[in-house]
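The residues making up each chain are set out below.
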Amino acid sequence: MYSRIITIPPAFYENINVYEKGGYHQACLITLGDKRYIIDITYSQFLLMRENNFNRIGIPLLGGCNVGAYMTLTKERRDFAENLMKNGCFLATEENLKLYFDGFALSYRNGLYYENFGKIDYTTKYEASDYLNFINQIDSQVNHESFHFLGRQKRLLKNPYLNFANKKNDENTR
């Protein structure tokens, strides 16, 4: 058996913290025989309602929502998050790694990201292999998305009327 603590810094970037201080998360990667697992018994902290409101996106000096908001947007993500909450760990398949780390990557984006791209789309182009490069400090989200679009939003949106609320999510939570 092999175990390793993995650190997830904001935007998967340790050189400059996009939240000034803090915002790091840690989990444990376990290799048991030919299978890998991630143990994350503190994942519930990302499900607090006060930091999972899509209306906070686009507000200066705030970042995006917490991980939990993005994990409720699809049945696949919701089922994954519920399983992680129930069991405290998951088998580190490519699909599961993408689901797990997508929540973090999305949570690091602020409103400027969506305004710049002209589309509010809570998905990522990253694959499990990208995330493994991120946690091994070979690459980072900052190398793929502008530093200004990550972490606390430092300036006003040009269009203050952007609606970041996900209609499908609103229907699922009623």
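Residues numbered from 1 in each chain as written. Predicted model: local features only at pLDDT ≥ 70, side-chain atom pairs only at ≥ 80, totals over all residues. Heavy atoms only, no water.

**Details of the layout of surface pockets**
The cut-off we apply is this: A 1.4 Å probe that fits into a set of points on a 1 Å grid over the protein atoms alone but cannot get out defines a cavity; an open set with protein on both sides within 12 Å along at least five of seven lines defines a pocket, and lining residues are those with an atom within 4 Å of a point. Grid points are joined across faces, edges and corners, and a volume is the space filled by probe spheres set on the points. Residue type decides the class: Asp, Glu, Lys and Arg count as charged, Ala, Val, Leu, Ile, Met, Phe, Trp, Tyr, Cys and Pro as nonpolar, and the leftover types, Gly among them, as polar.
The space that makes up the largest pocket amounts to roughly 430 Å³. The wall of the largest pocket is formed by 19 residues, among which Tyr19, Gly23, Phe46, Glu51 and Asn66 lie closest to the centre. Among the residues making up the lining of the largest pocket, the classes are represented as 9 nonpolar, 7 polar and 3 charged.

**Considering the pairing of strand 3 (residues 35-39)**
Condition: For two strands to be treated as a pair, DSSP must find at least two bridges joining them. Runs of E in the DSSP output that reach at least two residues are strands. Runs of H or I that reach at least four are helices, and both are numbered from the N terminus.
In the sheet, strand 2 (residues 25-32) pairs with strand 3 via 5 bridges, with the strands oriented antiparallel. What sits directly across from Thr31, in strand 3, is Arg36. Counted between consecutive antiparallel strands, the loop separating strand 2 from strand 3 contains 2 residues, among which Gly33 sits at a positive phi close to 65°. Pairing between strand 3 and strand 4 (residues 89-91): 3 bridges, direction antiparallel. Opposite Ile38, over in strand 4, you have Phe90 as the bridge partner.

**Some points on the sheet that holds strand 2**
Quick reminder of the rule: Fitting a line to C-alpha atoms yields each axis, with helices limited to the stretch in contact; the angle taken between N-to-C directions then spans 0 to 180 degrees.
Strand order in this open sheet of 4 strands is 1-2-3-4, and the pairing throughout is antiparallel. Each of the sheet's edge strands pairs with one partner strand only, and the pair in question is strand 1 (2-8) and strand 4. The mean angle between the axes of side-by-side strands here comes to 25°, regardless of whether they run parallel or antiparallel. Bridging between strand 1 and strand 2 involves 7 bridges; their strand directions are antiparallel. Counterpart to Thr7 in the pairing with strand 2 is Gln26.

**Let's talk about the environment of Ile59**
Note the following rule: Partly exposed residues are those whose accessible area sits between 20% and 50% of the maximum for their type, while under 20% is buried and over 50% is exposed, using a 1.4 Å probe and protein chains only.
Within the fold, Ile59 resides in the loop between strand 3 and helix 1 (67-71). On the basis of relative accessible area, Ile59 is assigned to the partly exposed category, the value being 38%.

**Topic: the confidence of the model for the protein chain**
What counts is decided by this rule: Summary of the metric used: pLDDT quantifies the predictor's per-residue confidence within the range 0 to 100. The contact criterion used is simple: two residues touch if any of their non-hydrogen atoms lie within 4.5 Å.
For the protein chain, per-residue confidence averages 91 on the pLDDT scale, and 95% of positions sit at 70 or higher. Taken as a whole, residues 169-174 scores under 50 in pLDDT and shows 5 contacts with residues more than four places along the chain or in a different chain.

**A look at helix 5 (residues 128-135)**
Let me state the cut-off plainly: By arc we mean the arc of the directions from the helix axis to the C-beta atoms, nothing more.
Regarding helix 5, the residues found buried are Ala128, Tyr131, Phe134 and Ile135. With its buried residues spanning 115° around the axis, helix 5 presents them on a single face. Next to the buried residues of helix 5 lie strand 1 and helix 3 (94-107). Residue Gln137 follows helix 5 closely and has a positive phi angle near 60°.

**Looking at unusual backbone geometry**
Positioned with a positive phi, Ala11 is a non-glycine residue whose angle comes to about 60°. Locating Ala11 in the fold gives a position in the loop between strand 1 and strand 2. Of note, Leu61 is a non-glycine position whose phi angle comes to about 75°, a positive value. Its place among the elements puts Leu61 in the loop between strand 3 and helix 1. Residue classification places Leu61 among the exposed residues on the basis of a relative accessible area of 58%.

**Some points on the environment of Leu48**
Among the structural elements, Leu48 can be located in the loop between strand 3 and helix 1. Along the chain, Leu48 and Ala69 lie 21 residues apart, while their C-alpha atoms are 9.1 Å from each other.

**Quick notes on helix 3**
Applied cut-off: Each helix should span, by expectation, one fewer than its residue count multiplied by 1.5 Å. Fitting axes to the seven residues ending at a residue and to the seven starting there, one defines the bend at that residue as the angle between these axes.
Given a rise of 1.5 Å per residue, 14 residues ought to cover 20 Å, and the 20 Å separating the end C-alpha atoms of helix 3 matches this to within 8%. The sharpest bend along helix 3 measures roughly 25° and falls at Phe101. For helix 3, the buried fraction is high: 12 of the 14 residues fall into the buried class. Listed as buried for helix 3 are Asn96, Leu97, Lys98, Leu99, Tyr100, Phe101, Asp102, Gly103, Phe104, Ala105, Leu106 and Ser107.

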